[in-house]
Amino acid sequence: METNQVKLLASLAKKIKSERKERAKVIASLQSAKILTKNENFTGHYSHLKKVVNVSAS
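Residues numbered from 1 in each chain as written. Predicted model: local features only at pLDDT ≥ 70, side-chain atom pairs only at ≥ 80, totals over all residues. Heavy atoms only, no water.

A. Local environment of the overall build of the protein chain. Scanning the protein chain from terminus to terminus reveals 2 helices and 0 strands. Along the three orthogonal principal directions, the C-alpha set of the protein chain runs to about 40 × 25 × 20 Å. The proportion of buried residues among the 58 residues of the protein chain is 9%. About 5400 Å² of surface is accessible on the protein chain, with carbon and sulfur atoms providing 55% of the total. Each charge class in the protein chain can be summarised by its mean position, and for the 12 positive and 4 negative side chains these summaries are 6 Å apart. (Helix = DSSP H or I, 4+ residues; strand = E, 2+ residues; numbered from the N terminus. Buried < 20%, exposed > 50% of the residue type's maximum accessible area, 1.4 Å probe, protein only. Areas by Shrake-Rupley, 256 points an atom, 1.4 Å probe, with all protein chains shown as cover. Lys, Arg positive; Asp, Glu negative; His and termini not counted. Charge placed at Lys NZ, Arg CZ, Asp CG, Glu CD.)

B. Layout of helix 1 (residues 3-18). When the terminal C-alpha atoms of helix 1 are compared, their 23 Å separation across 16 residues agrees well with the 22 Å that a helix rising 1.5 Å per residue should span. The buried count for helix 1 comes to 0 of 16 residues, which makes it a mostly uncovered element. (Expected span 1.5 Å × (residues − 1).)

Okay, here's the thing in structure tokens:
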């Protein structure tokens, strides 16, 4: 990967990290990626994440 590409990706990551995220949009994104079910439980491959993530928190 070229140095310029790395800089652009780092800049994009900083921007995304600093943006305020709405809970509903985050849940919808995780559901579309098949990480969460419609009941907001982790799917089989991601069940280990419930040890470190509190999905029900506002």
